[in-house]
Amino acid sequence: CVTGGTPLPLHGPNYFAPTVLTNVDPSSSIWRTETFGPIAAITTFESEEEALFLANDTTTGLASYFCTRDLSRIFRFSAALENGIVGVNEGIVSHAVAPFGGVKESG
């Protein structure tokens with residue numbers, strides 16, 4: 001854990017601080033579970049192909065986020081992701097009045 005993970009009892013028994021986890025094993029529960037909480041599970045990859053495999057190797061597909069400076073990668077990678085919405089170089093990609101949905105078990 002890089003930061004966070006501590007309970008926030010003033011907010012209730014199920015609240016905790018935003019948490020960043022690094023070197024997460026892609027077979028771990030935190031990597032494979034669609035988490036609706038302030039958790040960022042991070043792992044490394046060696047190639048774009050491996051990153052795409054890791055991103056799509058799930059049973060869920062609500063949203064994906066990635067950062068790049070390469071415009072051709074934005075279009076190529078976004079099109080290959082198996083998710084309902086994709087954020088590129090930003091963290092907020094939805095809006096209350098915009099259509100929203102996922103694929104796989106998130107659909």
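Cut-offs applied
Residues numbered from 1 in each chain as written. Predicted model: local features only at pLDDT ≥ 70, side-chain atom pairs only at ≥ 80, totals over all residues. Heavy atoms only, no water. Helix = DSSP H or I, 4+ residues; strand = E, 2+ residues; numbered from the N terminus. Buried < 20%, exposed > 50% of the residue type's maximum accessible area, 1.4 Å probe, protein only. Contact = heavy atoms within 4.5 Å. Areas by Shrake-Rupley, 256 points an atom, 1.4 Å probe, with all protein chains shown as cover. Lys, Arg positive; Asp, Glu negative; His and termini not counted. Charge placed at Lys NZ, Arg CZ, Asp CG, Glu CD. Axes fitted to C-alpha atoms, helices over the stretch in contact; angles between N-to-C directions. Left-handed = near helix turned anticlockwise from the far one by under 90°. Nonpolar A, V, L, I, M, F, W, Y, C, P; charged D, E, K, R; others polar.

J.: Can you break down the overall build of the protein chain residue by residue, with the values?
T.: Across its full length, the protein chain carries 3 helices and 6 strands. Projecting the C-alpha coordinates of the protein chain onto the three principal axes gives extents of approximately 45 × 35 × 25 Å. Scored against the burial criterion, the 107 residues of the protein chain give a buried share of 23%. When contacts within the protein chain are restricted to residue pairs at least 6 apart in sequence, those whose partners lie at least 24 apart make up 28%. Element-wise, carbon and sulfur atoms account for 59% of the exposed surface of the protein chain, whose accessible area totals about 7,500 Å². Separation between the mean location of the 5 positive side-chain charges and that of the 11 negative ones in the protein chain comes to 5 Å.

J.: Help me get a handle on the packing of helix 2 (residues 48–56) against helix 3 (residues 71–80), residues and values and all.
T.: Two elements in contact, helix 2 and helix 3, have axes whose closest approach is 10 Å; the angle formed by their N-to-C orientations is 35°. For helix 2 against helix 3, the interelement crossing comes out right-handed. Where helix 2 approaches helix 3, its residues E48, A51, L52 and N56 are matched on the opposing element by R73, R76, F77 and A80. In terms of residue class, the contact of helix 2 with helix 3 is made up of 4 nonpolar, 1 polar and 3 charged.

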